[in-house]
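Now for the letters of each chain:
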Amino acid sequence: MESQLPQERSKLRTKDLPQVLVMKPPPLLTLFEDKFISTKFQLLKAWESTLPLDQFLTTYAGSVRAVLCSGASPVTPHIIRLLPSVQFVVTASAGINHIDLNECRRLGIAVANAAAVFSDDAADAAVGLLIDVLRKISVADRFVRRGLWPAMGDYPFGSKVIISLFVCFTQESWDCRTWKHRSAVAKRLEAFGCTVLYNSRKPKPWVPYPFYSNVHELACGSDVLVVCCGLTAETRHMINREVMVALGKQGIIVNVARGAIIDEKEMVVCLVHGEIGGAALDVFENEPDVPKQLLQLDNVVLTPHRAVFTPEGFMAACDLVVANLEAFFEDKPLLSPLIDE
Amino acid sequence: MDSIGVLMACPMNSYLEQQLDKRFKLFRFWTVPDKSLFLASNKDSIQAVVGNASAGADAELVEALPKLEIVASFSVGLDKIDLAKCKEKGIRVTNTPDVLTEDVADLAIGLMLAVLRKLCESDRYVRSGKWKKGDYVLTTKFTGKEVGIIGLGRIGMAIAKRAEAFSCPISYYSRTKKPEINYKYYPSVVELAAHCDILVVACPLTKETHHIVNRDVINALGPKGVLINIGRGPHVDEPELVSALVEHRLGGAGLDVFENEPYVPEELFGLDNVVLLPHVGSGTVETREAMADLVIGNLEAHFQKKPLLTPVV
C-alpha cells in the first residue's frame, strides 16, 4: 500500500468507519463540530444533501446502526422504518420527547441522552428565573435602563423568596442513580430556606421530601411550582387551569422543561387576569413563538430556551454523546442509557 | 407618646411613615422649604431621627438638635450616621439587622445568575421578537465558579451558604481572619479578586472601605471576572468600574447600588454584561414591614425606658 498517497489512505480508513446518521445538526454539533471527530465512527450528514429526507435515508442509510438526533430531528416510527439496521439512538439533549420510546423499546433499540451533564445549568437557570420573577430583577433592570429611577423614585417591591415556603416540582424518571442529578434544583432551593415537596408517578423512597400523588394537590400546598419533568403523553398539559387556580393568585410557575407540559393558552389567561402571580419560562409550546400577551406583562420572565446553553455544559454533552457512540460501536456498556421505569 | 417629636430624614416607606405619624409627632424633613429655619424653630421638639441608606444624621444635624436622644435607621448600613458624634453625645443608635439578611443574600445570588446566565438580556431578546431570527448564544456556567466575598458578616455568610449549594468554592477578605470559618481567607482584596471568578461586596461602608474596589482590584478580577455590589455605591470607584466594563477589562457586573443614587452612569445602559437595579436589596413587602416594625419597636422601647431591640451605639 506504499504507493497510495496519505489522503487516499485516510479516505480508505474513513470509508471503513461505521456511520452515525444526523438528520439535522443539533446546536452542539453546529458549535463544536471538531469534538465529533472520532476514530470509531463518522457522521452521515443528511442535511447536506439536496435529496428530501425520506429519499436520502432510503438511498444512504440502509446500514446505519446509530442515530444522533435532537428536537429538530425527531425519531418517529416513520423514520425508524426507514432505518432497518438502527440499534442505537442518542440525543444531544436532556429531553427525550422527540424519540418514540415505545417503538424503540419494541424493536430493542437502545436510547441514550445527555441529561446528566445538563442538570447543573438547568437548575441554575431555574433558580435564577425564580429569583428574577419574585424579586423583579429583569423589570427593575429595564426600569433603570430607561432612566426612570431619578424620575419615578423607588421601584415597587418584589416578594421574599423564602416566604415561598413550599416549592414543588414534578419529576418523572428518577431512579436512585440519577437522583443526584435530578435533585439539583431542590438542593439549591433548600439553601434559600425553601421547603421542597414533589410529585411523581410513584413515590421514591430515597427522596427526602414529602410526596404528593397528584399535581393539583401539590399546587394547593405550594407557592411555587417548578416544572422539571419530561414531556410524555401523560404530562402533556399536566399544568392545566385547575392546577394553576389551585396554585393561586400569589403562585409562581417556573418552566425549564418543555412548553407543552403547561396548557399555555390557559396560563396566559390566568396571568392576564391575575389568577396566578407570575411565571418564569424558558420553554414554550411553539418555539420560537411566544404569546404576544406575555410580552406586555411585568410579572413574567421570558428566556429563549437557553437553560442549558453554556459552553461548559455543551462541551460536556459533546463528550458524553461521543463516548456513548464509541461505547456502542465497541460493544461496551452505554454511559447514559435511558432507564426503563 | 404623640408629643414626642420624630424627624424622618427622607421618604422611605409609607407603612413606616403611617406608623410614626400615629404614634409620635412626625416631622417630614423633605417637605420643609428651609431646612435651617425649620431646625432653628423646632430643635427643642425633636427627640428622635429616623434615617435610611440615603439620609441619616450627620454631625451637623446632630449638633442642630439639642434634645436628640435616639437615631433609628431604616437600614442595616450606618454610613449616613455620624456614630462618633452620637457616642460623644450619648445618643442611642439602632439599625435593622437580621430581618433583611436573607433578602439581600437572595438578591446577590439572583444578580450573579442574572449576569452570568444573561437572564435580563435573554428576556429583552424574547420581548423584542429577535428569537424568531434564531441564534445560539452560550452564556457562562454559574455552578462551580469561585465566589470571593468582601466582608463575612451576616449578609456575607448568608451569600456563602447559598453559593455553596451551587458547588461554588468560597473565599473571603475581612479585616481579620476568622479562625472558626473554613473558607479560604485572603489578607487583601486584590489577592481575593485575583483568585475568584465572582467578587461580592458585602461589608459595611466606612472611611476604610470607601473605594475598597479600586482599579487594582478591578484589574485583578479581570476580563472574565464579575463584580456584584449589594453594599454601598461608594465601596466601588465607579468611574473606574465603568471604563473597565466599557473597555472589556472586566467581564461583567451586577449592581444594586451606585455612588450617586438615583443616578446610574448611562454608559452602562447599553451593555449586556451588566444588571442594574435601583437599590432593591431589602425591597420586599415582607422585609420592609419587618424593618419598619423594628424601627418603631426600638423607638418605643427607648421612650418607655426599656432595652433597645437592635442597638448599635
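Residues numbered from 1 in each chain as written. Chains lettered and ligands numbered in written order. Predicted model: local features only at pLDDT ≥ 70, side-chain atom pairs only at ≥ 80, totals over all residues. Heavy atoms only, no water.

- Where an unreviewed UniProt entry is consulted, chain B appears under the name Rop guanine nucleotide exchange factor 12-like, with the organism given as Hibiscus syriacus.
- As its UniProt record puts it under Sequence similarities (unreviewed entry), chain B is described as follows: "Belongs to the D-isomer specific 2-hydroxyacid dehydrogenase family. GyaR subfamily." (UniProt positions renumbered as here; feature names shortened; annotations may be inferred.)

- As named in an unreviewed UniProt entry, chain A is Glyoxylate/hydroxypyruvate reductase HPR3, taken from Hibiscus syriacus.
- Listed under Sequence similarities (unreviewed entry) in UniProt, the entry text for chain A is "Belongs to the D-isomer specific 2-hydroxyacid dehydrogenase family. GyaR subfamily."

Details of the overall build of chain A
Moving on, step 1. When helices and strands are counted, chain A shows 15 helices and twelve strands.
Moving on, step 2. Within chain A, the fraction of its 341 residues that count as buried is 53%.
Moving on, step 3. Considering only contacts within chain A whose residues lie at least 6 apart along the sequence, 62% involve residues at least 24 apart.
Moving on, step 4. Carbon and sulfur atoms make up 55% of the accessible area of chain A, which amounts to about 14900 Å² in all. (Helix = DSSP H or I, 4+ residues; strand = E, 2+ residues; numbered from the N terminus. Buried < 20%, exposed > 50% of the residue type's maximum accessible area, 1.4 Å probe, protein only. Contact = heavy atoms within 4.5 Å. Areas by Shrake-Rupley, 256 points an atom, 1.4 Å probe, with all protein chains shown as cover.)

What about the interface of chain B and chain A?
Moving on, step 1. Opposite the 61 residues of chain B that make contact, chain A presents 60 residues.
Moving on, step 2. Buried surface at the junction of chain B and chain A, both sides included, amounts to about 5300 Å², of which 61% is carbon and sulfur.
Moving on, step 3. Counting every contact that joins chain B to chain A gives seven salt bridges.
Moving on, step 4. Across the pair Arg 142 of chain A and Asp 123 of chain B runs a salt bridge whose closest N-O atoms are separated by 2.8 Å.
Moving on, step 5. For the interface between chain B and chain A, the tally reads 24 residue pairs in polar contact (both at pLDDT 80 or more).
Moving on, step 6. Mapped by element, the contributors of at least two residues to the side of chain B that touches chain A are α5 (101–116), α6 (119–127), α7 (154–164), β12 (274–276) and α11 (285–303) of chain B.
Moving on, step 7. Among the residues forming the side of chain B that touches chain A, the class breakdown is 31 nonpolar, 14 polar and 16 charged. (Buried area = accessible area lost by both parts, 1.4 Å probe. Salt bridge = Lys/Arg side-chain N within 4 Å of Asp/Glu carboxyl O. Polar contact = N/O pair within 3.5 Å; in protein donor to acceptor, adjacent residues only side chain to side chain. Nonpolar A, V, L, I, M, F, W, Y, C, P; charged D, E, K, R; others polar.)

Considering helix α6 (residues 115–135) of chain A
Residues and elements named next belong to chain A.
Moving on, step 1. Given a rise of 1.5 Å per residue, 21 residues ought to cover 30 Å, and the 29 Å separating the end C-alpha atoms of α6 matches this to within 8%.
Moving on, step 2. Largest kink in α6: about 25°, centred on Asp 121.
Moving on, step 3. Of all 21 residues in α6, 18 are buried; the element is thus mostly enclosed.
Moving on, step 4. Taken from the residues just after α6, Lys 136 is the one with a positive phi, measuring 55°. (Expected span 1.5 Å × (residues − 1). Bend = angle between axes of the 7 residues up to and from the residue.)

Examining the confidence of the model for chain A
Moving on, step 1. For chain A, per-residue confidence averages 87 on the pLDDT scale, and residues scoring 70 or more make up 87% of the total.
Moving on, step 2. Within chain A, helix α13 (residues 264–272) of chain A carries the highest mean pLDDT (98), whereas strand β6 (residues 166–170) of chain A carries the lowest (46). (pLDDT = per-residue confidence, 0-100.)

Here we look at the environment of Gln 47 of chain B
Moving on, step 1. In this structure, Gln 47 of chain B sits in strand β3 (residues 46–51).
Moving on, step 2. Apart from residues no more than four positions distant in its own chain, Gln 47 of chain B is found in contact with Ile 4, Gly 5, Lys 67, Leu 68, Glu 69, Ile 70 and Phe 303 of chain B.

Some details on α13 of chain A
All names here are of chain A.
Moving on, step 1. Taken residue by residue, α13 has Glu 264, Met 267, Val 268, Cys 270 and Leu 271 as its buried positions. Buried residues in α13, looked at end-on, bunch into an arc of 165°, giving them a common side.
Moving on, step 2. Trailing α13 by a residue or two, Gly 274 shows a phi angle of about 70°, which is positive. (Arc of directions from axis to C-beta.)

Here's the deal with the packing of helix α7 (residues 137–145) of chain A against α6 of chain B
Moving on, step 1. Close contact between α7 of chain A and α6 of chain B brings their axes to 9 Å; oriented N to C, the two are set at 80°. Judged on the interaxial angle alone, α6 of chain B and α7 of chain A are roughly perpendicular. Only Leu 119, Cys 120, Asp 123, Arg 124 and Arg 127 of chain B of α6 of chain B make contact with α7 of chain A, whose side of the interface consists of Ile 137, Ser 138, Asp 141, Arg 142 and Arg 145 of chain A.
Moving on, step 2. Looking at the contact of α7 of chain A with α6 of chain B residue by residue, the classes come out as three nonpolar, one polar and six charged. (Axes fitted to C-alpha atoms, helices over the stretch in contact; angles between N-to-C directions. Parallel < 35°, antiparallel > 145°, perpendicular 65-115°, else oblique.)

Section: the domain arrangement of chain B
One frequently used descriptor of interface size is the decrease in accessible area upon assembly of the parts.
Residues and elements named next belong to chain B.
Moving on, step 1. Segmentation of chain B into domains returns domain 1 (5–97 + 285–303) and domain 2 (101–276).
Moving on, step 2. Averaged C-alpha coordinates put domain 1 and domain 2 at centres separated by 32 Å.
Moving on, step 3. The interface is formed by seven residues belonging to domain 1 together with five residues belonging to domain 2.
Moving on, step 4. Summing both partners gives a buried area of about 480 Å² for domain 1 against domain 2, and 48% of it is carried by carbon and sulfur.
Moving on, step 5. Counting the surface domain 1 buries against domain 2, the share from its top three residues, Asp 79, Pro 97 and Thr 287, is 66%.
Moving on, step 6. For the pair domain 1 and domain 2, the number of links is one salt bridge.
Moving on, step 7. Across the pair Asp 79 and Arg 232 runs a salt bridge whose closest N-O atoms are separated by 3.1 Å.
Moving on, step 8. The interface formed by domain 1 and domain 2 holds two residue pairs in polar contact (both at pLDDT 80 or more) in total.
Moving on, step 9. Residues that form the side of domain 1 that touches domain 2 fall into these classes: three nonpolar, three polar and one charged. (Domains from an automatic or database assignment.)

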